[in-house]
Structures are given as structure tokens and as C-alpha cells.
Amino acid sequence: MRLGVMIGAERGDIARKVNKLVSDIEWAESAGMDTAWMPQVPNDFDCLTMVALMAAHTSKIELGTAVVPLQAQHPIALARQALSVHAMAGGRLALGVGPSHHWIVRDMLGIPYEKPAAYTRDYLEVLNKALAGPGDVDVENGTFSVHNPTVLGAQSPLPVLVAALGPVMLQIAGERADGTVLWMADEKAIGEHIAPKINKAAAEAGRPAPRIVAGIPVCLCADSEIEAAKERANRILAEAETSPNYQRLLDRGDARDVGDLCAAGDSEQILRRFQRFADAGVTDLSVRLLPIGENRDELIASKYRTREVIAELAKAVR
């Protein structure tokens, strides 16, 4: 199992956030992390643009998006942007995409959120054709009528990963993508629901075994602080739990909230949790550092302690 870290979506003024992102990605590469994942938060930086910035400050680490909402731009436009970033990164982009949620697409963007699975299937048909260029992108399906020439093409493989939670989306991800990017999925949900379905779909479509990228919060702390870590996770990361998509996914596992997903405790406890995810079929774990403390200095110290341990654990889980 490969170990990566989530970077971005931090509070603060723009200049400070940019400098912090650069500092964090430089640490991730120097620490030997396999991957770094940039979430797309509705009110924050464009994640693909930030991946291009991270690429300029690194040379080895894989850089992923987790995830780009499909409804926000045409598949030709996304393919053009992704191929541009992939070239800038020297072939290190992993493009995570997904149909997002009703409260983002419908309520915030004012775009209809109807039949997201069918839309994703049609979108991927165009996107995959465009990423396979250069050449003519000629696709007619239920959503798109595209006849667009392109001179762009990836010099090295550009994996496309789809945020897939339910059976239909997992079928689509297995058949038409290189894997899935997850949030709010515990070991049971992955081992009994996600991994079997996406692996079966990929095998039946004659595709390689898919990547399964699972995101979880992690906090290095004493046993007496574990509940505080879970409470903080629920306080700062719980917005997504209101989504019906995530609620259905939680119902398939043992976790009831994001606090239950948190790997908290000493290094041995964290490693055991990582190993359970690996045993469930996770190929890539994406760590969301979760510091705890009563003030800024304590939070910063907690973050640094956690990430130092994560860097050591990366060697143990490979």
C-alpha cells in the first residue's frame, strides 16, 4: 500500500496559503511520501492549478486531485487542463474526478443534479477519448455531442480515478477508469462493498486491477487524547456527512461519523489501522493530518509530530 498526504484547503489569507502549500509539498517529497492529494473545496483554490504549483516545487512525488467536480466544466476543457498540468508535472498527475453532491452542484452552482451516474459515464467517454489524443474527439452519447480535434496527448500514462460510492458508480469506475478516490469509507465498507465491486467490474471489462485511494484523518496522540481527536475530526470535517451519498456509504461500514474514521493514538495504533485498510484492499492511503491542541502553537507542534510519524510509517506499509 502506498502512503500519501492531503495538502491544501487551509484557512488564512491567499499569500500565506500559497506559501504553506509549497512548504507542505516540499516536506512531503523530502519525507518520501508516495503521493499528495489536493482536494477541491467549493470556496477555495482551483486544485489543478495548485497541483501545477506543487509540480514546480517537486520532482518525484505523484500529485493527485481529490476530486474535480465534473459538472463545473466541459470534458474537453478538463482534458486540456489535465494534459497541460500532467506535462508540467513530468507525467506525475493522477486526475481524480467525480459527480460531486447535490449541495454543491445544485444548491451552490445552480446546475441540475440529475442522474449523476449516467452523466459520469457519458462524461468519461469524452474525457478518456480526449486524454488519449492527439486526434479527433468524436463522441455522441446521451449527454454530449462532441466533434473536437486536439493536438494534445499524454506522453506517459495519466490515471483517471473516479469518486465512486454506490454500486452503479463503482461499476462505471471499474469499467472506464483506473480506480476510485474515497472519503468517509472505513475498512468494512471498502473490504465488503467497494473493493469487490470495482475489482469485479474492472476484471470483466478486461482492465488492470483498479487503484483504491482511501482518505482518512490521522492524529498522533496519547490514549487519553483519542476522544479529543475524534471530537475535533467531527467538528472540523463533518460537513460532508450531510450528503446522502456519504450517509449510504457509512451505512455499509462500522463508522458512524468521520471521528470513527480517524486513526488516532500512538504510532503502533496508527500502523495497525493502516494495515487494516491495506487488508481491506486499499492500494493508496491518503492521510489528512489532524492536529490537536488548545492554541496555535500546540496545533502546529501536534501537526509536526504526526507527520514525522507518518513519514516513518510509510516505510512500514510498502
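The shown structure was predicted, so the numbers you read here are calculated from the model rather than taken from an experiment.

Peer 1: Before we move on, could you go through the overall build of the protein chain and cite the residues and values that matter?
Peer 2: For the protein chain, the helix and strand inventory stands at 12 helices and 12 strands. Relative to the compact-globule value of 20 Å for 318 residues, the protein chain shows a C-alpha radius of gyration of 19 Å, a close match. Principal axes of the C-alpha set define a box for the protein chain whose edges measure 60 × 40 × 40 Å. Of all intrachain contacts in the protein chain linking residues separated by at least 6 positions in sequence, the fraction that spans at least 24 positions is 72%.

Peer 1: Account for the environment of Thr-58, naming residues and giving values.
Peer 2: Topologically, Thr-58 is positioned in the loop between α2 (47–56) and β3 (62–65). For Thr-58, a relative accessible area of 10% gives the class buried. Considering only alpha carbons, one finds Thr-58 and Ile-25, 33 residues apart in sequence, at a separation of 7.5 Å. From its side chain, Thr-58 meets the backbone oxygen of Met-54 in a polar contact 2.9 Å long.

Peer 1: Explain the nonpolar core to me, using residue names and the numbers behind them.
Peer 2: The biggest cluster of nonpolar side chains holds 101 residues, and the ones touching the most others in it are Ile-190 and Phe-274. The biggest single contributor to this core is helix α5 (residues 116–131), with eight residues. Those residues in contact with Ile-190 that sit more than four places away from it in its chain are Leu-182, Ala-185, Ala-195, Pro-196, Ile-212, Ala-214, Phe-277, Ala-280 and Val-282. Residues Trp-37, Ala-94, Leu-161 and Val-181 belong to the second largest nonpolar core, which totals six residues.

Peer 1: Hey, could you go over the pattern of salt bridges for me, with residue numbers and the actual values?
Peer 2: One pass over the full model with this rule turns up 16 salt bridges. Arg-273 serves as the salt-bridge partner of Glu-187, at 2.6 Å between the closest nitrogen and oxygen. In this pair, Glu-187 sits in helix α7 (residues 187–204) while Arg-273 sits in helix α11 (residues 267–280), placing the two residues 86 residues apart along the sequence. For the pair Glu-187 and Arg-273, one class covers both residues: buried. Here Asp-254 and Lys-188 are joined by a salt bridge, their closest N and O atoms 3.7 Å apart.

Peer 1: An account of the pairing of strand β9 (residues 179–183) is needed here, citing residue identities and associated values.
Peer 2: With five of five residues buried, β9 is to be regarded as a mostly interior element. Neither face of β9 is open: one carries Gly-179, Val-181 and Trp-183, the other Thr-180 and Leu-182, and all of them are buried. Bridge count for β9 against strand β10 (residues 211–220) is five bridges, and the pairing is parallel. Counterpart to Leu-182 in the pairing with β10 is Ala-214. Regarding topology, α7 serves as the crossover connection from β9 to the parallel β10, and that connection is right-handed.

Peer 1: Quick one: what's the story with the layout of surface pockets, residue by residue and with numbers?
Peer 2: Quantified by volume, the second largest pocket comes out at close to 230 Å³. Along its surface, the second largest pocket is lined by Leu-220, Cys-221, Glu-225, Ala-228, Glu-231, Arg-232, Arg-235, Ile-292, Gly-293, Glu-294, Glu-298 and Arg-305. Mapped onto the lining of the second largest pocket, the elements with two or more residues apiece are α8 (226–236) and α12 (296–317). The element that contributes the greatest number of residues to the lining of the second largest pocket is α8, accounting for four residues.

Calculation notes
- Residues numbered from 1 in each chain as written.
- Predicted model: local features only at pLDDT ≥ 70, side-chain atom pairs only at ≥ 80, totals over all residues.
- Heavy atoms only, no water.
- Helix = DSSP H or I, 4+ residues; strand = E, 2+ residues; numbered from the N terminus.
- Rg over C-alpha atoms; globule rule 2.2 N^0.38 Å.
- Contact = heavy atoms within 4.5 Å.
- Buried < 20%, exposed > 50% of the residue type's maximum accessible area, 1.4 Å probe, protein only.
- Polar contact = N/O pair within 3.5 Å; in protein donor to acceptor, adjacent residues only side chain to side chain.
- Core = buried A, V, L, I, M, F, W, Y, C linked by side-chain atoms within 4.5 Å.
- Salt bridge = Lys/Arg side-chain N within 4 Å of Asp/Glu carboxyl O.
- Pairing = 2+ DSSP bridges.
- Right-handed = clockwise from strand over helix to strand, strands pointing away.
- 1 Å grid on protein atoms, 1.4 Å probe; cavity = no way out; pocket = protein on both sides within 12 Å on 5 of 7 lines; lining within 4 Å.
- Points joined across faces, edges and corners; volume = space filled by probe spheres on them.

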